[in-house]
Each structure stands twice: as structure tokens, then as C-alpha cells.
Amino acid sequence: MSELPGWVHVYSGKVRDLYVPEGATGLADTDSVLVVASDRVSAFDHVLEPGIPGKGDLLTTLSLWWFDQLDDVPNHLIPDHVLSGERVVERIPAAVSGRSMLVKPLDMFPIECVVRGYLTGSGWAEYRASQSVCGIPLPAGLENGDRLPEPLYTPAWKAPLGEHDENISFERTVELVGPDIAEELRRLSLHVYARGAAIAEERGVIIADTKFEFGADRVTGEITLADEVLTSDSSRYWDAAAYAAGRTPEERMASFDKQIVRDWLAANWDKTGTPPQLPAGVVERTAARYRELLERLTGD
């Protein structure tokens, strides 16, 4: 967390730090929030050491690129510069330039809007036990990594920092936010996933699953896409060529995300106490995959 002239730190999540302009008392009375992505990496609800060098810049660049592609969905970005006479004044401090977004505050919905296009992770574990994912029945005979008949919307309740998010039914989201908002969150989530998956597929990349967050504009009430979008932290990305050629789940799921970290941690930690430090090789491989994904998608 940095000390930034003109800005006051108000909150830190697993990866991002939030600042408001000096003079504001918090998120409730400001019209702009500085979102700074750190190099921290988390898995299994723990922040791990060390971080991934350059990760904050990579995540921010990818989020900004995706917000540009998803121009038919309202998002929380606001201009990060102003004109002073004929001079352009950058609002983002130079110390965090490249890893920061300037956004408007929203009344956030307490729901992680998860969309699954492929059977993997916790969904695969549940499918093996009950032939369902988050209680949604699926056909028999699916294998780990298989494409689902259609993308599934499987929301989760967004737990406070340090607690586990909890999968919930669509009916529970109706209880939390009302039927109209619940339906719109589902529609928008499936729409953004479908749009993003099609764009990624053109570039030889599969989005296996992802999660979105939305909030209500404090002036208009419009449901607005917030936080990060379709990044390596919020999504599972696979290499489409490896997927097509693979014979085993490991060959098919050539990941461009933090799956390398998850796999190493699962093999070397029993999920009790403090997680072990990540080896240098795991850190380097993860950073390289994050960079490769950004290059594949953006061509930059």
C-alpha cells in the first residue's frame, strides 16, 4: 500500500487498494475512487507470498482493454485526466500509473456473478458427486474440462474479507436484491461472458469460467459493471490449441491464469495455518503466463 499525495487510503482487498480524494471521509461521500492493483496473489482465500512481479500492471491493462471491448455494457470507469486551460492534468498519481483505474463509486450488490462455460474446478468436484453444478442438473457422461451444453450462471454470496464466498441459488439472489435486479444480473453476466468468450476464441483462447461484480449507479440506479473484468485473476483461461489436441485434463487445460499457483499450493499445503511461500519458479511461470495472455488478447 502506497502513500499517494492527494489521496487517502480507505480499504484493501486481497489484491486491490482503494483511495478517495483528500477531503472525502470515505467511499460514501466521494464521486471518484482510485483503484490500485497490487502484485499480491491470492488462492484458497489467502494472500500469498511473494507477489507476482508486474501483476498489477498486467491486470489493470487487461481490465481496461476488456472494458473497451464491452462497450455496450455500462461500467464504472471515469476520465483519469482533466483539462486545466490547455494543459492535460493526470488524476492518477505517477507512482501508481499503469496499475490504477479511476472509477465512480457504486452501491455494490453482495453477489459474485459467476458464469461457467466449461466443467472444471469445484464444478467438476460437485458433478462427480451429484451430476450437478451448484444444484443445476447436468447430463451424464461429462468429463473434467468438457464444454458445458450452455454456460451456467452460478452466483455466490460475496463474503467479507477473510471469509469464504458461498454458492447460492438464483432464488437466494432474488431474496437479496429483488427479482428485477436478480434477473438483470443474470442476463448481463451471461451476455458479457458470451461476448468475451467469442472475442477470446478469435485469439485462440478459451474462457472456461469467470466472475463479475456489479453495482448500482448512485445517481441513476443503472446496473453497472465494476471492479476487474475477465482478468487472469477473475477467470480461467485456457489455450484453445492445447485444448483441442489434449487427451487428458492436464493437457487440455493449459492455463493463462493463476492455476499454476493453485496447483502448487494444493500439492504442498493442507489448507491449515499459514500458506507456504511460493517458490521462485512458480512465481516466474505465473508471471510469464499472465504476460502471454495479455499479448494474445490485445496483440500488444
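The structure presented is a predicted model; accordingly, all values stated were derived computationally and were not measured. (Residues numbered from 1 in each chain as written. Predicted model: local features only at pLDDT ≥ 70, side-chain atom pairs only at ≥ 80, totals over all residues. Heavy atoms only, no water.)

1. Looking at the overall build of the protein
Part 1: In terms of regular secondary structure, the protein is built from eight helices and 18 strands.
Part 2: Computed over its C-alpha atoms, the radius of gyration of the protein comes to 19 Å, within 12% of the 19 Å expected for a compact globule of 300 residues.
Part 3: The proportion of buried residues among the 300 residues of the protein is 48%.
Part 4: Taking contacts inside the protein between residues at least 6 apart in sequence as the whole, the part at least 24 apart equals 62%.
Part 5: Roughly 14300 Å² of accessible area belongs to the protein as shown, and the carbon and sulfur atoms make up 51% of that amount. (Helix = DSSP H or I, 4+ residues; strand = E, 2+ residues; numbered from the N terminus. Rg over C-alpha atoms; globule rule 2.2 N^0.38 Å. Buried < 20%, exposed > 50% of the residue type's maximum accessible area, 1.4 Å probe, protein only. Contact = heavy atoms within 4.5 Å. Areas by Shrake-Rupley, 256 points an atom, 1.4 Å probe, with all protein chains shown as cover.)

2. Quick notes on the state of the cysteines
Part 1: Throughout the structure, instances matching the rule amount to zero disulfides.
Part 2: With no disulfide of its own, C113 lies 13 Å from the sulfur of C134, the closest cysteine sulfur.
Part 3: We classify C113 as buried; its relative accessible area is 1%.
Part 4: C134 gets classed as partly exposed once you look at its relative accessible area, which sits at 21%. (Disulfide = S-S within 2.5 Å.)

3. Some details on the packing of helix α3 (residues 170-177) against helix α4 (residues 179-202)
Part 1: Contact geometry of α3 with α4 gives a least axis separation of 7 Å together with a crossing angle of 130 degrees. Classified by the angle between their axes, α3 and α4 sit oblique to one another. When you trace α3 past α4, the crossing you get is right-handed. Across from F170, T173, V174 and V177 in α3, the residues of α4 making contact are P179, I181, A182, E183, L185 and R186.
Part 2: Here the contact of α3 with α4 is composed, by residue class, of seven nonpolar, one polar and two charged. (Axes fitted to C-alpha atoms, helices over the stretch in contact; angles between N-to-C directions. Parallel < 35°, antiparallel > 145°, perpendicular 65-115°, else oblique. Left-handed = near helix turned anticlockwise from the far one by under 90°. Nonpolar A, V, L, I, M, F, W, Y, C, P; charged D, E, K, R; others polar.)

4. Remarks on the nonpolar core
Part 1: One finds W66, L185, F212, F214 and Y237 to be the most contacted residues of the largest nonpolar core, which totals 50 residues.
Part 2: Of the residues forming this core, the biggest block, eight residues, is contributed by α4.
Part 3: Ignoring sequence-local partners within four residues, the contact set of L185 consists of F109, I111, C113, Y153, V177, F214 and I223.
Part 4: In this structure, L48, I260, L265 and V283 belong to the second largest nonpolar core, which totals twelve residues. (Core = buried A, V, L, I, M, F, W, Y, C linked by side-chain atoms within 4.5 Å.)

5. Section: the sheet that holds strand β2 (residues 16-21)
Part 1: Reading across from one edge, β1-β2-β3-β8 is the order of the four strands in this open sheet, with antiparallel pairing throughout. The two strands at the open ends of the sheet, each matched to only one other strand, are β1 (7-12) and β8 (100-103). Neighbour-to-neighbour, the strand axes of this sheet turn through a mean angle of 30 degrees, independent of strand direction.
Part 2: As judged from the four bridges shared by β2 and strand β3 (residues 33-37), these two strands associate in the antiparallel manner. Along β3, the bridge assignment pairs Y19 with L34. (Pairing = 2+ DSSP bridges.)

6. Some points on the packing of aromatic side chains
Any aromatic ring pair is given by two values, namely how distant the centres are and how the planes are angled relative to each other.
Part 1: Taken as a whole, this structure holds six aromatic pairs when the rule is applied.
Part 2: What links up through ring pairs into an aromatic cluster is the set Y118, W238 and Y243.
Part 3: Over the ring of F170 we find R186, and its NZ or CZ is 3.7 Å from the ring centre.
Part 4: The ring of F256 is capped by R289, whose NZ or CZ atom sits 4.1 Å from the centre of that ring. (Phe/Tyr/Trp six-rings, centres within 6.5 Å; stacked < 30°, edge-to-face > 60°. Lys NZ or Arg CZ within 6 Å of the ring centre and 35° of its normal.)

7. Examining the side chain of T224
Part 1: Relative to the elements of secondary structure, T224 occurs in strand β17 (residues 223-226).
Part 2: For T224, a relative accessible area of 0% puts it in the buried group.
Part 3: In this structure the side chain of T224 is engaged in a polar contact, spanning 2.9 Å, whose partner is the backbone oxygen of E222.
Part 4: Not counting residues within four places of it along the chain, the set of residues in contact with T224 comprises P74, N75, H76, K104, L106, E213, F214, G215 and D217. (Polar contact = N/O pair within 3.5 Å; in protein donor to acceptor, adjacent residues only side chain to side chain.)

8. Notes on α4
Part 1: Compared with the 34 Å implied by 1.5 Å per residue over 24 residues, the 35 Å span of α4 between its first and last C-alpha is a close match.
Part 2: G204 sits one or two positions beyond α4 and adopts a positive phi of about 75 degrees. (Expected span 1.5 Å × (residues − 1).)

9. Brief notes about a nonpolar patch on the surface
Part 1: A cluster of nonpolar side chains, namely V8, V10, Y11 and L27, defines an oily patch on the protein surface of about 280 Å² accessible area.
Part 2: Residue placement: V8 occurs in strand β1. (Patch = residues over 30% accessible without salt bridge, like charges linked within 9 Å, V, L, I, M, F, W, Y side chains within 5 Å. Salt bridge = Lys/Arg side-chain N within 4 Å of Asp/Glu carboxyl O.)

10. A word on the pattern of salt bridges
Part 1: For the structure on display, the rule yields 23 salt bridges.
Part 2: D17 is paired through a salt bridge with R40; the nearest N and O atoms lie 3.0 Å apart. Separated by 23 residues along the polypeptide, D17 in strand β2 and R40 in the loop between β3 and β4 (41-43) bring together distant segments of the chain.
Part 3: For the salt bridge of K158 with E213, the shortest nitrogen-to-oxygen distance reads 3.2 Å. Of the two residues, K158 sits in the loop between β14 (156-157) and β15 (166-167) while E213 sits in strand β16 (residues 205-217), which places them 55 residues apart along the sequence.
Part 4: Using a relative accessible area of 32% as the deciding quantity, one classes K158 as partly exposed.
Part 5: Overlapping salt bridges, with partners in common, bring together E112, K158, K211 and E213 in one network.

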